[in-house]
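Commentary on secondary and tertiary structure
So you can see what is in the structure, the chains are spelled out below.
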Amino acid sequence: LETLIAWGAKKILFFGWCGAISPEVKIGDIIIPTAAVIDEGTSKHYQDNDESVSRPSFEMAATIKSTLMKSGTPFHEGDIWSTDAIFRETREQVKSYRDQGILAVEMELSALFTVGRFRGIDIAGILVVSDELSTLQWRPGFKEERLEQGRSAACEVINQICQQV
């Protein structure tokens with residue numbers, strides 16, 4: 001991200017995968033993160049305060065949401081949890097975040113949102129659910145058709161957004 005910003009990028013749309021924590025979110029579903037719980041190591045180097053969440057650019061997130069709605073693509077909107085210690089995601093953490101209404105877990109967005117705000121650029125994300133953790137049993141969906149459908153829908157929306165810029 002720092003390199004892209006140094007090269008002059010002003011708007012970044014991140015596309016990635018995530019694990020569902022909410023039982024309402026399933027493999028292949030699309031999520032538009034409204035905030036990311038900071039549980040990774042980069043954000044502390046870019047924060048001016050002790051905030052526990054970072055947020056995307058409102059304008060970028062609104063563009064993604066609007067494009068999804070215009071295309072008739074269903075999606076979830078809400079908070080996610082970012083951790084770079086995927087093998088340290090405990091049952092207690094997953095239950096706690098699930099009970100707080102967190103939709104999913106992934107590895108990068110809180111850091112990207114924090115750096116984006118620090119550097120004064122617009123950044124938002126679109127995630128596709130690749131696996132489920134809400135039952136506290138890992139359910140991978142990497143080979144499921146629903147994941148491929150979700151990825152394709154997200155890519156089409158990204159293509160539409162890029163053509164607007």
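The paragraphs below set out a description of the structure included in this document. The model shown is predicted, which means the values in this text are computed figures rather than measured ones. (Residues numbered from 1 in each chain as written. Predicted model: local features only at pLDDT ≥ 70, side-chain atom pairs only at ≥ 80, totals over all residues. Heavy atoms only, no water.)

For the rest of this paragraph, the subject is the nonpolar core. Inside soluble globular proteins, nonpolar side chains tend to come together where they are buried. The biggest cluster of nonpolar side chains holds 35 residues, and the ones touching the most others in it are I31, L109 and I126. Listing elements by their share of this core, those giving two or more residues are strand 1 (11–20), strand 2 (30–39), helix 2 (58–71), helix 4 (109–119), strand 6 (122–132) and helix 5 (145–164). In terms of residue count, the dominant contributor to this core is strand 6 (six residues). Those residues in contact with I31 that lie beyond four places of it in its chain are C18, V25, H76, I80, L103, A104, G125, I126, L127 and V129. Residues I21, V53, V94 and Y97 belong to the second largest nonpolar core, which totals nine residues. (Core = buried A, V, L, I, M, F, W, Y, C linked by side-chain atoms within 4.5 Å. Buried < 20%, exposed > 50% of the residue type's maximum accessible area, 1.4 Å probe, protein only. Helix = DSSP H or I, 4+ residues; strand = E, 2+ residues; numbered from the N terminus. Contact = heavy atoms within 4.5 Å.)

The next subject is the packing of aromatic side chains. In total, this model carries four aromatic pairs according to the counting rule given. Ring centres of Y46 and F118 lie 5.4 Å apart, and the angle between their planes is 80°; on these two criteria the pair is classed as edge-to-face. Pair noted here: Y46 is in the loop between strand 2 and strand 3 (53–54) and F118 is in helix 4, with a separation of 72 residues, a long-range link. Arranged with centres 4.5 Å apart and planes meeting at 35°, the rings of W81 and Y97 form a pair that is tilted. Of this pair, W81 sits in strand 4 (residues 76–83) while Y97 is found in helix 3 (residues 91–99), placing the two residues 16 residues apart along the sequence. What makes W81 buried here is its relative accessible area of 0%. A relative accessible area of 15% means that Y97 is categorised as buried. Put simply, the rings of W17, W138 and F142 pair up and form one aromatic cluster. (Phe/Tyr/Trp six-rings, centres within 6.5 Å; stacked < 30°, edge-to-face > 60°.)

Below, the discussion takes up unusual backbone geometry. A positive phi angle is found at L136, which is not glycine, with a value near 70°. Residue class for L136 comes out partly exposed when judged on its relative accessible area of 22%.

Pairs can form between side chains of opposite charge whenever their charged atoms are close. One pass over the full model with this rule turns up ten salt bridges. In this structure, the salt-bridge partner of D29 is R146, at a minimum N-O distance of 2.5 Å. Of the two residues, D29 is situated in the loop between strand 1 and strand 2 and R146 in helix 5; the sequence distance between them amounts to 117 residues. Residue class for D29 comes out buried when judged on its relative accessible area of 14%. Taking the shortest distance from any N to any O, the salt bridge between K65 and E77 comes out at 3.1 Å. Of this pair, K65 sits in helix 2 while E77 sits in strand 4, and the two are twelve residues apart along the sequence. For K65, a relative accessible area of 28% corresponds to the partly exposed category. Look at E77 and you get partly exposed, because its relative accessible area is 41%. Through salt bridges that share partners, K11, E59 and D122 make up one connected network. (Salt bridge = Lys/Arg side-chain N within 4 Å of Asp/Glu carboxyl O.)

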